[in-house]
Amino acid sequence: MNTTKTHGAVFLSLLLISGWSVGCSPGASFDTIAVSDSAATASSQSSVHCAAPPGVSGRPATIEDVVVLVNSLPKPVTIRCFLESLERPLNVALTNSQMSGQPAAGNRSPRIFVLNEKLYMSVVPEGRGRDYLELSYQTSTTTSIKAEIEFPVIQPIAKSKPYSNVRFGSGTNCSSCHRAEKQVGIHEGVPVFESWAYQPDKETLVDLQQFKNELKVCNFDKEPERCGIIKAVLSNGEVRTQAFPQSMYFNFSVW
């Protein structure tokens, strides 16, 4: 997905020319790393812990579940607050790939995928995609529905909002790189589109232990937003690596 507000054809053309895939999240073995209390409190910065209220799941399994969780949190809702509210253990995959509209900033700030059943969510600690939660819901072993939410969320959003956020022309801004896009439904009057799902190339994957070390050395005074997102992912319980489905396409392997 195009994670800037420049949804015009010029930007999409630049993505294609440069060989980038649009940052729509794709749509799984475990390596576990429990983050210690000392790592979770690597900075003296204090923050109010965000948590799903009673009756709302902190482990969303659909795009609509994500909206329910976001709407239940104290406003304005930040990316950090949303990440804190997710139930642990947290299953993640990390990539340093910049081949996306939501690119990583190297190993120090990888693109972070949170995987839960058929729902895939992604964030980045810094860069142009930092204010976006990219969403992908698997509809088959090789396809997924794309959506996104822009943060901060000031007021409750409609369940159709993530789908309208990715609309471009007669389809979505994901279609320039995620092939075989087609409409598969309509939600509250907004068309919903499915296209091929990609997983990061294996050589771009970042080790969870290495990412954990970023929290230990993070300077909250100089990089409060970046460090805050990293802390929100790694704190509050167990975090473990989860692999993408073997059947899912790798970036550009089908081009």
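Look a little higher up for the structure.
Residues numbered from 1 in each chain as written. Predicted model: local features only at pLDDT ≥ 70, side-chain atom pairs only at ≥ 80, totals over all residues. Heavy atoms only, no water.

Quick look at the overall build of the protein chain now. Within the protein chain one finds seven helices and 13 strands. In the protein chain, which comprises 255 residues, the share counted as buried stands at 52%. Carbon and sulfur atoms provide 52% of the accessible area of the protein chain, an area that totals close to 10800 Å². (Helix = DSSP H or I, 4+ residues; strand = E, 2+ residues; numbered from the N terminus. Buried < 20%, exposed > 50% of the residue type's maximum accessible area, 1.4 Å probe, protein only. Areas by Shrake-Rupley, 256 points an atom, 1.4 Å probe, with all protein chains shown as cover.)

This part takes up the environment of Val67. Assignment of secondary structure puts Val67 in helix 3 (residues 63-72). Here the alpha-carbon distance between Val67 and Pro162, two residues 95 residues apart in the chain, equals 8.2 Å. Val67 has contacts with Ile149, Ile157, Ala158, Lys159 and Pro162, leaving out every residue within four places of it along the chain. (Contact = heavy atoms within 4.5 Å.)

Moving on to the packing of aromatic side chains. Taken as a whole and assessed by the stated rule, the structure comprises four aromatic pairs. With 5.3 Å between their ring centres and 85 degrees between their planes, Phe113 and Phe244 make a pair best called edge-to-face. Residue Phe113 is found in strand 3 (residues 111-116), and its partner Phe244 is found in the loop between strand 12 (238-242) and strand 13 (249-250); the two are separated by 131 residues along the sequence. Measuring from centroid to centroid gives 4.9 Å for Trp196 and Tyr249, while their planes differ by 50 degrees, and the two rings are tilted. Of the two residues, Trp196 is situated in strand 10 (residues 190-196) and Tyr249 in strand 13; the sequence distance between them amounts to 53 residues. Overall, Tyr249 belongs to the partly exposed group, its relative accessible area being 23%. Taken together, Phe113, Tyr120 and Phe244 form an aromatic cluster joined through their ring pairs. (Phe/Tyr/Trp six-rings, centres within 6.5 Å; stacked < 30°, edge-to-face > 60°.)

Covalently bonding the sulfur atom of one cysteine to the sulfur atom of another cysteine gives a disulfide. What the rule picks out here adds up to two disulfides. The disulfide partner of Cys50 is Cys81, and the S-S distance across this bridge is 2.1 Å. Disulfide Cys50 to Cys81: torsion about the S-S bond roughly -110 degrees, handedness left-handed. One end of the pair, Cys50, is in the loop between helix 2 (37-40) and helix 3; the other, Cys81, is in helix 4 (residues 79-85), and 31 residues separate them in sequence. (Disulfide = S-S within 2.5 Å.)

Size it by volume and the second largest cavity reaches roughly 60 Å³. Residue lining of the second largest cavity: Gly58, Arg59, Pro60, Leu86, Glu87, Pro89, Leu90, Asn91, Val114, Leu115, Asn116 and Met121, and that is the complete set. Sorting elements by how many residues they give to the lining of the second largest cavity places strand 3 first, with three residues. For the lining of the second largest cavity, the residue count by class is seven nonpolar, three polar and two charged. (1 Å grid on protein atoms, 1.4 Å probe; cavity = no way out; pocket = protein on both sides within 12 Å on 5 of 7 lines; lining within 4 Å. Points joined across faces, edges and corners; volume = space filled by probe spheres on them. Nonpolar A, V, L, I, M, F, W, Y, C, P; charged D, E, K, R; others polar.)

What follows deals with the pattern of salt bridges. In this structure the tally under the stated criterion is eight salt bridges. Among the ionic pairs, Glu223 bridges to Arg108, the shortest N-O distance being 2.9 Å. With Glu223 in the loop between helix 6 (208-217) and helix 7 (224-234) and Arg108 in the loop between strand 2 (90-95) and strand 3, this residue pair connects regions lying 115 residues apart in the sequence. The salt bridge involving Glu223 is made with Arg226; its shortest N-O contact spans 3.3 Å. Glu223 sits in the partly exposed class, given a relative accessible area of 24%. Residues participating in the shared-partner salt-bridge network are Arg108, Glu126, Glu214, Glu223 and Arg226. (Salt bridge = Lys/Arg side-chain N within 4 Å of Asp/Glu carboxyl O.)

Right, let's get into helix 6. Since there are 3.6 residues in each turn of an α-helix, residues three or four apart along the chain are aligned in direction. Every buried residue belonging to helix 6 is among Leu208, Phe211, Lys212, Glu214 and Leu215, and all of these are buried. Taken down its axis, helix 6 places every buried residue within 145 degrees of arc, on the same side. One side-chain oxygen of the residue at the start of helix 6 lies 3.0 Å from the amide nitrogen of Gln209, identifying that residue as Asp207. (Arc of directions from axis to C-beta. Polar contact = N/O pair within 3.5 Å; in protein donor to acceptor, adjacent residues only side chain to side chain.)

The topology assignment puts Gln246 in the loop between strand 12 and strand 13. We classify Gln246 as exposed; its relative accessible area is 81%. With 105 residues separating them along the chain, Gln246 and Thr141 place their C-alpha atoms 8.8 Å apart.

Further remarks concern the pairing of strand 4 (residues 119-123). Consecutive residues of a regular strand have side chains that alternate between opposite faces of the sheet. Taken across its five residues, strand 4 has five buried, putting it largely inside the fold. Inspection of the sheet shows strand 3 paired to strand 4 by five bridges, in the antiparallel sense. Its bridge partner lying in strand 4, Asn116 is registered against Leu119. With antiparallel pairing between neighbouring strands as the criterion, strand 3 and strand 4 make up a hairpin whose turn holds two residues, including Glu117 at a positive phi of roughly 55 degrees. Relative to strand 5 (residues 132-138), strand 4 runs antiparallel, the two sharing four bridges. Each residue of the ladder has a partner; that of Met121, found in strand 5, is Leu135. (Pairing = 2+ DSSP bridges.)

Keep in mind these numbers describe shape, not what the thing actually does.
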